[in-house]
2 protein chains.
Amino acid sequence: MKRNSRLSLALHTLSHMAGDPDRVRTSADIAVHAGTNPVVVRRVLGKLREAGLLSSEKGHAGGWRLAKPARSITLADVYLALDERLVSGNDTDLEPSHCSVETGLQMRVAEVLEEIEESLVKRLRETSITDVHPKSCSYCDS
Amino acid sequence: MKRNSRLSLALHTLSHMAGDPDRVRTSADIAVHAGTNPVVVRRVLGKLREAGLLSSEKGHAGGWRLAKPARSITLADVYLALDERLVSGNDTDLEPSHCSVETGLQMRVAEVLEEIEESLVKRLRETSITDVHPKSCSYCDS
DNA sequence: TCACACGTAACAATAGCAGTTGCATTTATC
DNA sequence: GATAAATGCAACTGCTATTGTTACGTGTGA
C-alpha cells in the first residue's frame, strides 16, 4: 500500500460492512481482504470507533461492526475520524518571520487553504459509504 | 517547513508577485522571505514555469516573474502544476487480489476518490491568486 | 572577463507510515 | 477453571517522500 492508504482502507472496509451490516468481522478477515495486516486494520478502525462509526468487541467471537446505519455515514465522517487534513497542513508552528508583512501573508495563505479544506469536507459530506458499495457485489453472499 | 510546503510556498510566492507583477525576484530573495532555500524555491517554481505560470531568466539581473496576468491564475493551475494529488493517491499499481470482488471494490473506491479529487480541483478553480493577496500589503512598496 | 542567477545532480537528514512482533486483556466455550 | 480467540497497545524495523544542502555547469548582462 502507499499514500492515502488509511482513507482507502477505511472506505474499503466500511463499504464491505455496508453490504452486510449484521456480520461481525475480525481484523484478520478484513486484513486478508484488504491485503494488509491485522494490526494496521485495528489502527485505522480504532480511529473510526473513536468517532462512533464502528464498534468493536473483544474476546471470543468478537470483532467489528457498524455502530450506526450505513446510510448515515458520510465520507466526511470517515475523513474527519482519521484526522486527515489533506489540503491545509497541520501547520501550527509557522515560525514568526522577521517581517510582519510576511507573517500576515503566511496567515492569509493558511486561511485560504483552510477555506479549501472546508469545501472538501462539505463535498465529502454529500457522499455516503453506501454510494461506494458496488452495484453487483457477490461478497455480500459469501 | 512541513507538509504541503510546496503548495504553500507556491501560493506564498505567487501572492507576492501578484502584488507587484513587474518586479523580477531572484530565488534567493524569495527563499529569504519564505524562510527556505534557494534551491527549494527553484524546484517548486520550476514546476510553475513548466505549466506556463511563471517565466525565469538566467544571468545577471535574471530572476522570476509572472508569465500571465495574476487574475487569470487560479489555485487549480498551481495545484495541477505541482502534480499534487491530495485525495486520490497515485495508485497505479493496485495489486490484483485473489478475489475478483475485492478488485471491483478497490476500483470503486479509487473511482469515488477520483470524483472527490475532481471536485477539489473544481473548487480550486474558483479562487485566483489575487484573492490570496492580503488587503493591506506594504510589501508592494518595499 | 567577471559577477550573478538559474538548472540540475547528488547527498544527508528528517518525518511519516506500513508492516511486524510481542504481550496484556477480555470473553465465549469446553 | 482452562483454553482459544479476539482486541488494545507498545515497540521496533524498514521504506518512501520531502526538505535542506553543497557543488558545479550554463547562460547573460555589465
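Higher on the page you've got the structure.
Rules used in this analysis
- Residues numbered from 1 in each chain as written.
- Chains lettered and ligands numbered in written order.
- Predicted model: local features only at pLDDT ≥ 70, side-chain atom pairs only at ≥ 80, totals over all residues.
- Heavy atoms only, no water.
- Helix = DSSP H or I, 4+ residues; strand = E, 2+ residues; numbered from the N terminus.
- Contact = heavy atoms within 4.5 Å.
- Areas by Shrake-Rupley, 256 points an atom, 1.4 Å probe, with all protein chains shown as cover.
- Near = heavy atom within 4 Å.
- Polar contact = N/O pair within 3.5 Å; in protein donor to acceptor, adjacent residues only side chain to side chain.
- Expected span 1.5 Å × (residues − 1).
- Pairing = 2+ DSSP bridges.
- Axes fitted to C-alpha atoms, helices over the stretch in contact; angles between N-to-C directions.
- Parallel < 35°, antiparallel > 145°, perpendicular 65-115°, else oblique.
- Nonpolar A, V, L, I, M, F, W, Y, C, P; charged D, E, K, R; others polar.
- Core = buried A, V, L, I, M, F, W, Y, C linked by side-chain atoms within 4.5 Å.
- Buried < 20%, exposed > 50% of the residue type's maximum accessible area, 1.4 Å probe, protein only.
- Salt bridge = Lys/Arg side-chain N within 4 Å of Asp/Glu carboxyl O.

**Q** How would you sum up the overall build of chain A? Please name residues and give values.
**A** Per the secondary structure count, chain A includes five helices and two strands. Residue pairs in contact within chain A that sit at least 24 positions apart in sequence constitute 68% of those at least 6 positions apart. With the model as given, the accessible surface of chain A reaches about 7,200 Å², and the carbon-plus-sulfur share is 51%.

**Q** An account of the protein's contact with DNA strand C is needed here, citing residue identities and associated values.
**A** By nearness alone, 27 residues border DNA strand C, and A:Ser5, A:Thr36, A:Arg43, B:Ser27 and B:Arg49 come closest of all. Within 4 Å of the protein, the contacting atoms of DNA strand C are 67% sugar and phosphate, with bases supplying the remainder. Contact between DNA strand C and A:Asn37: a phosphate oxygen at 3.1 Å from a side-chain N or O atom of the residue. In this structure, a base nitrogen belonging to DNA strand C sits 2.7 Å away from a side-chain N or O atom of A:Arg43.

**Q** Summarise helix α3 (residues 38–50) of chain B; cite the residues concerned and give the values.
**A** All names here are of chain B. Over its 13 residues, α3 runs 18 Å from end to end, which matches the ideal 18 Å to within 8%, given 1.5 Å per residue. For α3, the elements touching its buried residues are α1 (5–19), α2 (27–34), β1 (54–57), β2 (63–66) and α4 (75–81). Note on α3: the residue one or two positions beyond its end, Gly-52, has a positive phi of about 85°.

**Q** Outline the protein's contact with DNA strand D, supporting the account with residue identities and numerical values.
**A** Neighbouring residues of DNA strand D: 26 residues in total, closest A:Ser27, A:Arg49, B:Ser5, B:Thr36 and B:Gly59. Sugar and phosphate atoms constitute 64% of the interface atoms of DNA strand D, taking the interface as everything within 4 Å of the protein. Within the backbone of B:Gly59, an N or O atom sits 3.2 Å from a base nitrogen of DNA strand D. For the surface near DNA strand D, the secondary-structure elements that each account for two or more residues are α3 (38–50), β1 (54–57) and β2 (63–66) of chain A together with α1 and α3 of chain B. When residues in the surface near DNA strand D are grouped by element, the largest group, four residues, is from α3(A).

**Q** Just give me the short version of the pairing of β1(A), but keep the residues and values in it.
**A** Alignment of β1(A) against β2(A), held across four bridges, turns out to be antiparallel. Across the sheet, residue A:Ser56 finds its bridge partner in β2(A), namely A:Trp64.

**Q** Outline the packing of α2(B) against α3(B), supporting the account with residue identities and numerical values.
**A** The relative placement of two packed helices comes down to the angle between their axes together with the axis-to-axis distance. Residues and elements named next belong to chain B. At a minimum axis distance of 8 Å, the contact between α2 and α3 shows a crossing angle of 105°. In terms of axis orientation, α2 runs roughly perpendicular to α3. The residues of α3 that touch α2, namely those facing Ser-27, Ala-28, Ile-30 and Ala-31, are Pro-38, Val-41, Arg-42 and Leu-45. The residue inventory of the contact of α2 with α3, partitioned by class, reads six nonpolar, one polar and one charged.

**Q** Requested: an account of unusual backbone geometry, with residues and values cited.
**A** Positioned with a positive phi, A:Asp83 is a non-glycine residue whose angle comes to about 60°. One can find A:Asp83 in the loop between α4 (75–81) and α5 (100–124).

**Q** Report on the nonpolar core, specifying residues and quantitative values.
**A** In terms of nonpolar packing, the biggest core is built from 76 residues, with A:Leu48, A:Val78, B:Leu48 and B:Val78 touching the most fellow members. In contact with B:Leu48, not counting residues within four places along its chain, are B:Ala10, B:Leu14, B:Leu53, B:Leu54, B:Val78, B:Ala81 and B:Leu82.

**Q** Please provide a residue-by-residue account of the side chain of A:Ser15, values included.
**A** Following the sequence through the fold, A:Ser15 ends up in helix α1 (residues 5–19). For A:Ser15, a relative accessible area of 0% translates into the label buried. Among residues more than four places away in sequence, those in contact with A:Ser15 are A:Val132, A:His133, A:Pro134 and B:Leu105.

**Q** Describe in detail the environment of B:Leu53, supporting the description with residues and values.
**A** Residue and element names in this part refer to chain B. Mapped onto the fold, Leu-53 is located in the loop between α3 and β1. Separated by 17 residues in the primary sequence, Leu-53 and Ala-70 have C-alpha atoms spaced 9.0 Å apart. Contact partners of Leu-53, with chain neighbours within four places excluded, come to Leu-48, Leu-66, Ala-67, Lys-68, Ile-73, Asp-77, Val-78 and Ala-81.

**Q** Can you tell me about the pattern of salt bridges, naming the residues and giving the values?
**A** Residues and elements named next belong to chain A. Evaluated as defined, the whole model comprises eleven salt bridges over all chains. Glu-115 is paired through a salt bridge with Arg-108; the nearest N and O atoms lie 3.9 Å apart. Here Glu-115 falls in the partly exposed class, since its relative accessible area comes to 35%. The class of Arg-108 is buried, set by a relative accessible area of 12%. Each of Arg-108, Glu-111 and Glu-115 takes part in one network of salt bridges that share partners.

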